[in-house]
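Spelled out, the chains give:
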Amino acid sequence: MLPLQDKKIIIGITGSIAAYKTAMLLRLLMKAGAEVKVIMTEAAHSFVTPTTLSTLSKNPVLTSFTKGNTGEWNNHVALGLWADMIIIAPLSANTLGKMANGICDNLLVATYLSARCPVMAAPAMDLDMYQHPSTKRNLRQLESDGVTIIAAQSGELASGLSGQGRMEEPERLFTLITEAINKDQSLIGKQVLITAGPTFEAIDPVRFIGNHSSGKMGFAIAETAASLGAKVILINGPGHLQPRHHNIHQIKVTSAQEMYQQAEQYFEHSHIAIFAAAVADYTPSNPYKQKFKSDKPLEIKLKKTIDIALELGKKKREKQITVGFALETESEETHAYQKAVKKNFDFVVLNSLNDEQAGFNHDTNKVSFIDKDNNIRKFELKSKSDVAKDILNAIIQLIP
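Source: prediction; values computed, not measured. (Residues numbered from 1 in each chain as written. Predicted model: local features only at pLDDT ≥ 70, side-chain atom pairs only at ≥ 80, totals over all residues. Heavy atoms only, no water.)

Before going further, it helps to examine the nonpolar core. Membership of the largest hydrophobic core comes to 34 residues, with the highest contact counts inside it found for I221, V232, I274, I391 and I395. Secondary-structure elements contributing two or more residues to this core are β10 (191-196), α9 (216-227), β13 (231-236), β15 (272-275), β18 (321-328), β19 (347-352), β21 (367-371) and α13 (384-398). The dominant element in this core, judged by the number of residues it contributes, is α9, at seven residues. Beyond its immediate chain neighbours, meaning those up to four positions away, I391 contacts M217, I221, F325, F347, V349 and F369. I9, I13, I87 and A124 belong to the second-largest nonpolar core, a separate cluster that totals 32 residues. (Core = buried A, V, L, I, M, F, W, Y, C linked by side-chain atoms within 4.5 Å. Buried < 20%, exposed > 50% of the residue type's maximum accessible area, 1.4 Å probe, protein only. Helix = DSSP H or I, 4+ residues; strand = E, 2+ residues; numbered from the N terminus. Contact = heavy atoms within 4.5 Å.)

This is the structure we're talking about:
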């Protein structure tokens, strides 16, 4: 079987001298068994002819929203849904700016905005354009939107300058596309609910009770689950992190009660639920409606917050998988095991504040998995993205 047999790929071509290379990329994709459609911007016609690309792809080359003078519509929505992958090569500074800011004035950008598949882009422009702050800002925006950017290479440029700006070579682009389109999709068709970050419990409109959670672990799990094909519902408390993958639906909350209400809404229809949030255990019984001002000591009466995992664990369906987290400082394994049993988790991810470079705010974590039968699996210190992979690999082994 060919490496890209029956895969549907859209190649977007924009106005850059590097467009001549795209014909070779198209040829490589076709030889690998892919079905390819080409969308060109008007500017791209100055660098490569539609006739060449149409001949190679065995499909009409698309540029405008309508087909000739017939008035027939080139349906950008249908194109976005048809594709298994979109690769924009070369990506000019002009089209980059439009994509980063949602300026939808041509068929290529409209198709990009309608796509639900992975999108890759290979920039190509002159040295000063590539290094300009606006270009760098737009590339960062695309990456945060889930687009895979294939960095420009260094070499001699069309202007005569030498430096970074050359589009990656077709052979390398082909390899990257093939790897991306054939990567592990073990969670495709699954909905994964993830809670992440802290909750803030209001004392008054200014002050709150909270904790030091950054949400990094939960976000790493969300990104990894999405990359494996899952539809991810990410419910996160206050923090600055933003998801990058297009398969992640983010819901921002503040308090434990808000997090519970959102999690309850999605729990029933989720195949997997991962409770990674550091939910505050207590909340003020009677928060002040105005900012508290007094020279006297402030006394706050607290009440327990709702135990989100415990309450939803009571509603757990057969074959539904739930995973919890335990951050402990003493008798760690005993407490984690008790939590697994009490909250009906398939397993608990235990990490300890006694381990250096683990826990809140770090980019690394050191964990153990403990299940309801008290089976323990220990891991070394790893990046949180690698810990996320370990967690999801363990979950995948439990899927019926």
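Moving on to the sheet that holds strand β6 (residues 119-123). Reading across the sheet, the five strands line up as β2-β1-β5-β6-β7 and stay open at both edges, with parallel pairing between neighbours. Strands at the two margins of the open sheet, each flanked by one partner only, are β2 (35-40) and β7 (148-149). Relative to β2, strand β1 (residues 8-13) is paired through six bridges, and the arrangement is parallel. The residue of β2 that forms the bridge with G12 is I39. Contacts between helix α1 (residues 19-31) and the sheet are confined to β1, β2 and β5 (85-91), with β1 contributing the most and set at about 175 degrees to the helix. Contacting β1, β5 and β6, helix α8 (residues 170-181) runs over the sheet at an angle of about 160 degrees to β5. (Pairing = 2+ DSSP bridges. Axes fitted to C-alpha atoms, helices over the stretch in contact; angles between N-to-C directions.)

A regular strand carries its side chains on alternate faces of the sheet. Burial within β21 is extensive, with five of its five residues counted as buried. Burial along β21 is two-sided: V367, F369 and D371 facing one way and S368 and I370 facing the other are all buried. Here β19 runs beside β21; their pairing, made up of five bridges, is antiparallel. From the neighbouring strand, V348 faces β21, where its bridge partner is I370. Connecting β21 to the next strand, strand β22 (residues 376-378), in antiparallel fashion are four residues, including N374 with a positive phi near 65 degrees.

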